[in-house]
Structures are given as structure tokens and as C-alpha cells.
Amino acid sequence: MHLLEINNLSKSFKGLLANDKICMELKLGEARCIIGPNGAGKTTLISMISGHLFQSSGNISFNGKNIGNFDLVKRVRLGIGRKFQTPTLFDNLTVYENIELSVIRNKYDNLKKFFKIDETLKLIRLFDEKDVLANTLSHGQRQWLEIGLLIGNNVKLLLLDEPTAGMTTEETIATTKLINNLSGEKNLSIIVIEHDINFVRELGAQITVLHLGKIFAEGNYNNIENNRFVREIYLGAPDVVN
Amino acid sequence: MELAASVILDTTLITLTLALAAFGLAIIYGLVGVINMGHGAMLTLGAYFTWAGLQLEIPFVLSVILGGFIVGLIGLLFEHWIIKRFYDSPYETLLLTWAFFLVTTELIKIVFGSDFRTVVNPYPGSINLGFYKIPTYRTVICLFTAFVILLTSFVFFKTSTGIKIRAMIQNREMASLLGLNISLTYKIIFGFGCFMAGLAGGLVAPMLSVSPYMGDMYLVRSFFVVIVGGIGQILSGTIIGSFVIGGLETIVALFSDQVIAQVAVFFFAIIILRIRPQGIFSEK
Amino acid sequence: MQNTLTKISGETKFEFLIFLALALIPLVFSGYILFILPQYMLFGLLAVSLSILWGFTGIVSFGQAGFFAIGAYAIGIVVKSNFLMNSAILGILLGIVFSAVVAGVVGYFLFSAKVKATYFVLATLALSIIIEQLAKSQKEITGGWNGLFVDRILINFGDLFEYSLFNDVPMYYFTLLLTIIAFVLIKFLISSNFGKILKGIRENEDRILALGYNTSIYKTLIFCVSGALAGFAGSIYGTHAGFVDPSLARVLFSTEVIVWVAIGGRNSIIGSFLGGILVASLANYLNSITPEYWQLIIGIVFIAVVILFKGGLAGGFEEIYYRLITKKYASARN
């Protein structure tokens, strides 16, 4: 059984079709990259999965449950977590307190809570910064802290919207490792929207190409790279590949 | 027929008087986003300045206008020294304008004393329509209110400054690109709102007893006028809100007493806050 | 971690010293101070009821005096109507329950619709006025403008135990004991997971929502607790002052609570508590020496505090303390 099944999902904004009959499946522990030029409907798709937007037609099922009409909070509780492009954190609280806030929703006993917080802090490589206020972190560290908030929240499906935007090269590499670690060892399913093609290659995940709201191509990096049409609409366009 | 006409006239008078009192608040709240808790005190100040003007044998109309200007000036200084720095934190402006109310009320008590003053009605008598007599002074006030609101709409919708101000509400950065001096515009709007509050205070003074707390009863009702009418719907919203709040209060008061009427109106306003936070008739 | 630990214990020590001092006062002083101080402690609790909303959750209420009045009227009405049961305890309980229910209903009604924080303030303002108007107009129950006289209560549990609060010293210790219990419970609540989530709501409500917390429930609950605490303080106040009238619910009194908390420090429970006691005493003192100017002085202090330090005096002290510490720390390192 797939963790996430998307069936003929469409979304229109005042007659404009942003997503057109998208079908997609995601296994437990699978990572998937969604790429496509601006306006391809990537963020719309993620928003419908996270519950920030509701579909015009079609359905979404998660863990065998139809979640198409669940609100945001309900989906979060099932284990769907989304990271936005610009991190939203508790800026005036410490890194530790940030993670703690996400962990305590699970109503663990104290010992388990401390283990979970510790584990999360180490995963996102912020253990040494745990007593630092979130607003003093570097840009890359803020992105990781937000991922940490989702992990602490026992997410099963991570939705990451351009997680490496604005990161230094080292931070991008660390992020790649983090994502692979999460899908490989922690068995999380992950959907990443990315513009940075180098990152997509490093990640080595399956790729879905969106174009004008439709799925245009699917496959691994080599398939996609060698697909003439994809090159035309996306890879070949030098202003998009940065 | 005659009954209907008199009810319509009565309602119009109530609506426009309330709209006059709420107008300054609606401007400041709708355009610069400050909940001016000092609005009531500004009304009171306007009334006292008008009273003082009359004591100096300045004609009524001039006293009211002078009173409005002085309150506007006080508002400008308050904005310049304090409020200016807090536009981005609504709680702070709320507390600071409330502090303005506290301090101003105390100053009024110290300067003018706590006893009631009367401002003599400059236009006593009434206009006899045969079936109904409308008090002359209230009619004058209502015509004036209608004039002010129409004039403001004209500035707001037909002049380039008005268009820029509307652009500013939508998008501050965009408006500054259009060459609008944002901080100056905020200052002028805030000052104008205070001026209107002072003017309204002076104008309602002959209908009430002037006392340090006379503005209080208008403060909360003005808020509900703004909320029911819809924030930012400065012109139509103020009229609609005044109509609903004033009308409801009058109708409920017919069947019970004044206190219950006020309580009912507040309940109604709280319910509106919940079900239509954008205002009773305005679109989202 | 080390830092937060020492900080917490420092604050707890300070709180302990304050309550110890309050407990020793009747041994040293006598007369008016023993009569008036319990009232100020209850004002302190009223301030705490706002601080848990404003400082710890980010919600301002202009209606705390309304809940205080509900508590005071509850005990007044219960004691007057002489129920069979122990009317004192029943009155206090009803005071708590009524104000909690009113807060819960209003809170849920508004929070579940995600009403803007500033609108919520206006709604609490209206609530306060409604309570005041009802107190004035429902003469048969509340005594209208004239208010109600409330006897000092007698605490008894059957025939086992009886404690009269008629004299000032027993009343003083009774109030102090209840104040300490309420204070400790609130501290406990604030440091619990529930309290942490409230802090998260204050810092970034959208984020808390995105973590899967139903924020309107949490906000309703804390508003309930706040109302209950204010009602509790009000019910003790009713029996202590011996008199309840509609002015307890007036908006100006709610404002005074805001001033206490702003001056004391909205982010500190003990700061707000002391804010209530000290500003109320100061107001009393100024009122006796300069009846004309005292409210003006307090208004100006209020403006100064709002402009200068968000954290109130408690925040100011904390800042100075940390500056001293860091200086020491820095010089030790050099």
C-alpha cells in the first residue's frame, strides 16, 4: 500500500487551471523531487496535500484514509508536515524550546520526551546550538530547525518547499544528507520542490516534472536529463537553472 | 404614512449623529490601523473647548471649529511624539491611546473641574413639518455630517491624493513608489481623525451635558459602528454601522429600558464580530 | 540549561521571600495596613489573571474587572440569600464557576472564529460594560446602584471546624493562604506543557497551528482560567470589603488592572502580582496626599512604561541584572 495516493487532483483559480488531473503515488520511505518551471503548479500541489488549499476535484488519500476534506490541523495530526520557503519559527524561544513545543504534542512521558528532543536536535545538527535563540541562527540552520519542528511532531510525510534556497554549498550538501537520512533510516516519505538542479541530482530521488499544471514526465535523474522535451521546457532554460 | 415618515426622520437623525461621532475613529482605524481608545476623550475635549470659546464670547460655529483644530493639533503632537513609533504594534497603540484617554480625562478634571457644564443650543426651536417637529439644531448637525461625509468621499475617490491614500491601504511600499510620503500621510490622517473627533465633540455638546466622561458613552458605540460597518469602509460603513447600532438601540429601547437596549446592542456587536468580522454588508 | 536553572531558582527564591514578608507583616504592623493589604493581595491575583493572558499568551483583556465583579456578586448574593449549605464556600465556588463559564463561552465564541486579537479586546470591553450595566439594572438581585452588603464569612466544615474571619488578622491569613495556593497553582500551570504551548501561541500562533495544536481550545482554556482566577479574587474581595457595587465592573477598573500589569511586568507572574499590590498602594497613598493629581501621575507612569520597557519593571530589573551578570562574566573571562 502506498502512504500517499493522489488521484486526478485538479485545482482551478477563477477558471485558471493550476493543477490538472494530477495522479501520483508515494511509498513509505520514498523521496520524490518535484521540478518544473515557475507557474507549473508545484506549490499548489503541495498546498493541497498539506491542507493549505482545497482541491477543486479529485481526491487525496493518506495511509488509506481519504483526507480530501480534512483541515490543516487534522492532516498535521495524521503526520503530514510542511516546511515553507521562509521558515516560520518561534524566534524568541531557544532552539531547544522550539523543538520541545513540537514534541510535546505527542504526550510522551518525560524520559521519552527528552530522548525525542535530543534525537531530533542531533538529526538536524543543532545540538550544540540548543540554548541559542532561534532568531540568532544562520539562514541554513533556521531551515533545519523548521525541518526539526516537523520531525519532532512525528511527521510521516514531509513536504519541503525549496529547502535549500539561499543556502551555502556546504549547507546544501548537509541538507541533502539530512533528507536522505530521513527517508532512508527514519523511513519518512518526502516530497521536495526544488529549483536547484545540482541538489536534485545529489539527492538521487525519483523526479516528477510538472508543466502547466500537468505531470509532464517522471523518472530518475538520468531519464529526465535525457528527455528532450524536459530539456526544452526546463533544463535548457538557463535562467531557471541556477 | 405620517408615522412612517416620522420614524424615518428620527432614524436619520440618530444615524447621522452617531456617524458624526464615529467618523474620526473610522478614519484613523480604517486608514492607519490604529484603534484610537482616546477617541472618547477627544470628543470630550472638543466639547470643552467649544464651551470655553463661548465663555470668551467667540461665536458658536467658530468655537466649534477652533475646538476641532486644537484637538487635531493635540492629536498631531501625540502622533509625532509617541504613536508614530508604534504603527506596527497594534497592542501598543491601543494601550497608548488608552493612556491618552486617562491622562486627558484627568487634565480636564483638573482644568475644568468635574461638574457639568452646558453649551447653550445655538439654534433652539424646531422645524414644523405639520405631522412632525424636527429640532432645528439636530437637523443642522445632520446636514453638516452628510456634507462632511460627501466631501471626504469626493477627496477619497476623485482626487489624486485620495487615490494614493487608497493605494497606501492596499500596499504601503507600492504607495511610497508612487511618491506618497507615507509617514507624513499617516500624520495627516491621524490629525484629521482627531480634528473630526474634536469637531464632533463640539457639535454634540449642546445636546448633552458637558462633563469629563461625556465621550465615554460614544467610545464603545463608535467602535461598534466601525465594526458593524466594516473596517476600511470609512464612508458607507460608518453610515451603515450607525444606522444598525443607533436603530437597534432605539427599537429595543422602545420595548424595554435604555440599559437593556445598550446591553442588547453590545451583544449584537459581539455576534457580528464573530460571524462577519469584515463588517455586516461588506464583501471580504 | 545551566543558565535557565539558576534563573528559575532565583525567581522562586524571590517569590518565597515576598510571601514570607507578607506572612510576617501582621507580627510587626497592626491597624489599617492589616485591613487593606489583603485587598491589595487580591488585586495582585487579579493582575496575575491578566498577566497569564497578556504576558503568557498574547491576549489583552479589558474585561478582568467584569470577572472580578462576577465573583464578588456571587458571594454577595449567596451569603445574602442564606442557603442551607455552607454559604461562604458555596459563594466562593460559584464565583469561580460563574466567571469561568462566562469566560469560556465568550472565549470559545470568539476564538473559534479566529477573531483578530484587537477585536477581542473590544469584545472584552463590551463584556465589561454589559456586566456593569446588568449589575446596575437588575436591582432585585444585585441591589442596583446601591450595591450589596456582604458579611465577613465564617468558614466551617460541619461541627468539626469553625473559623471566623470577622477580625482582620484571621482574614489576613485566610486571604494570604488562598493567594499563595492560587499563585502556586498558576505557576505550576504556566511551567507545564500547557503553559509552553501558550507561550508558543504568543510567539507565533500560525506556527503552533501548523504543529497540529488547536489554538482556539488553548486560548479558550486560558481565558477560562483567567476568568476563574479573577472571579476567585473577586469573591474573597466581596467578603473582605463587606460591600459590592457596580463600580467593581467598570471599565476604568479593568484599565487599572492593565496598568498594574504593564508596570509590574506582563511576562512575570510575581512582577504582575507585585504590580497589583504596589500600584494599588501607591494609588491609595497618592490619593491621600494629592487627590487631584494621582490618576494623572499613574497615567503618565503607564505611558512611560509602555514606551520604555515592554517587560515592565520586572523586565527592567531582569535586564539590569543580566547586564551586571554578563559584565561580571565578561570580566572574569578576560
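Fair warning: this is a prediction, and the values are worked out from it, not measured in the lab.

Observations concerning the overall build of chain A
(1) Moving on: Counting its regular elements, chain A contains nine helices and ten strands.
(2) Moving on: Scaling as 2.2 N^0.38, a compact globule of 242 residues should have a C-alpha radius of gyration of about 18 Å, and chain A matches this with 18 Å.
(3) Moving on: In terms of principal-axis extent, the alpha carbons of chain A reach across some 50 × 40 × 35 Å.
(4) Moving on: Counting across all 242 residues of chain A, residues that qualify as buried make up 44%.
(5) Moving on: Partitioning the contacts of chain A with sequence separation of at least 6, the portion at a separation of at least 24 is 65%.

Section: the interface of chain A and chain C
(1) Moving on: Each side of the interface is counted separately: chain A has 18 residues, and chain C has 15 residues.
(2) Moving on: Within the residue set of the side of chain A that touches chain C, elements represented by two or more residues are helix H2 (72–78) and helix H3 (95–103) of chain A.
(3) Moving on: The element contributing the most residues to the side of chain A that touches chain C is H2(A), with four residues.
(4) Moving on: Grouping the amino acids of the side of chain A that touches chain C by side-chain chemistry returns nine nonpolar, four polar and five charged.

Notes on the interface of chain B and chain C
(1) Moving on: Listed as interface residues are 27 residues of chain B and, on the opposing side, 31 residues of chain C.
(2) Moving on: The element best represented in the side of chain B that touches chain C is helix H4 (residues 90–112) of chain B, accounting for 13 residues.
(3) Moving on: Residue composition of the side of chain B that touches chain C, by class: 23 nonpolar, one polar and three charged.

A closer look at the confidence of the model for chain C
(1) Moving on: Per-residue pLDDT for chain C averages 85, and the proportion of residues at 70 or more is 88%.
(2) Moving on: For this predicted complex, the interface score ipTM comes out at 0.83, while the overall pTM is 0.87.

Considering the pairing of strand S1 (residues 4–13) of chain A
Residues and elements named next belong to chain A.
(1) Moving on: Inspection of the sheet shows S1 paired to strand S4 (residues 57–62) by five bridges, in the antiparallel sense. Each residue of the ladder has a partner; that of Leu-4, found in S4, is Phe-62.
(2) Moving on: Of the strand pairs in this sheet, S1 and strand S2 (residues 16–26) are connected by seven bridges, and their pairing is antiparallel. Looking across to S2, one finds that Leu-9 is bridged to Ile-22.
(3) Moving on: Count of turn residues in the S1/S2 antiparallel hairpin: two residues, of which Lys-14 carries a positive phi of about 45 degrees.

Quick look at helix H7 (residues 168–191) of chain C
For an α-helix, the turn length of 3.6 residues means that residues three or four places apart are oriented alike.
(1) Moving on: Across its 24 residues, H7(C) extends 34 Å between first and last C-alpha, which sits within 8% of the 34 Å expected from 1.5 Å per residue.
(2) Moving on: Among all positions in H7(C), only C:Asp168, C:Met171, C:Tyr172, C:Phe174, C:Thr175, C:Thr179, C:Ala182, C:Phe183 and C:Ile186 are buried.

Considerations on the nonpolar core
(1) Moving on: Counting residues in hydrophobic clusters, the biggest one holds 245 residues, and the most contacted among them are B:Ala200, B:Ala269, C:Phe68, C:Ala69, C:Ala126, C:Leu229 and C:Ala233.
(2) Moving on: Ignoring any residue separated from it by four or fewer positions in sequence, one finds C:Phe68 in contact with C:Leu46, C:Ala230, C:Gly231, C:Ala233, C:Gly234, C:Tyr237 and C:Leu248.

Looking at the sheet that holds strand S5 (residues 65–66) of chain A
The strands making up a sheet are joined through hydrogen bonds of the backbone, oriented either antiparallel or parallel.
Residue and element names in this part refer to chain A.
(1) Moving on: Here we have four strands laid out as an open sheet, ordered S2-S1-S4-S5, and antiparallel in their pairing. Both edges of this open sheet fall to S2 and S5, since each of them pairs with a single strand only.
(2) Moving on: The strands touched by helix H1 (residues 42–50) are S1, S2 and S4; relative to S2, the strand with the most contacts, the crossing angle is about 60 degrees.

Conventions and cut-offs
Residues numbered from 1 in each chain as written. Chains lettered and ligands numbered in written order. Predicted model: local features only at pLDDT ≥ 70, side-chain atom pairs only at ≥ 80, totals over all residues. Helix = DSSP H or I, 4+ residues; strand = E, 2+ residues; numbered from the N terminus. Rg over C-alpha atoms; globule rule 2.2 N^0.38 Å. Buried ≥ 20, exposed ≤ 12 C-beta atoms within 10 Å, placed from the backbone. Contact = placed C-beta atoms within 7 Å. Nonpolar A, V, L, I, M, F, W, Y, C, P; charged D, E, K, R; others polar. pLDDT = per-residue confidence, 0-100. Pairing = 2+ DSSP bridges. Expected span 1.5 Å × (residues − 1). Core = buried A, V, L, I, M, F, W, Y, C linked by C-beta atoms within 7 Å. Axes fitted to C-alpha atoms, helices over the stretch in contact; angles between N-to-C directions.

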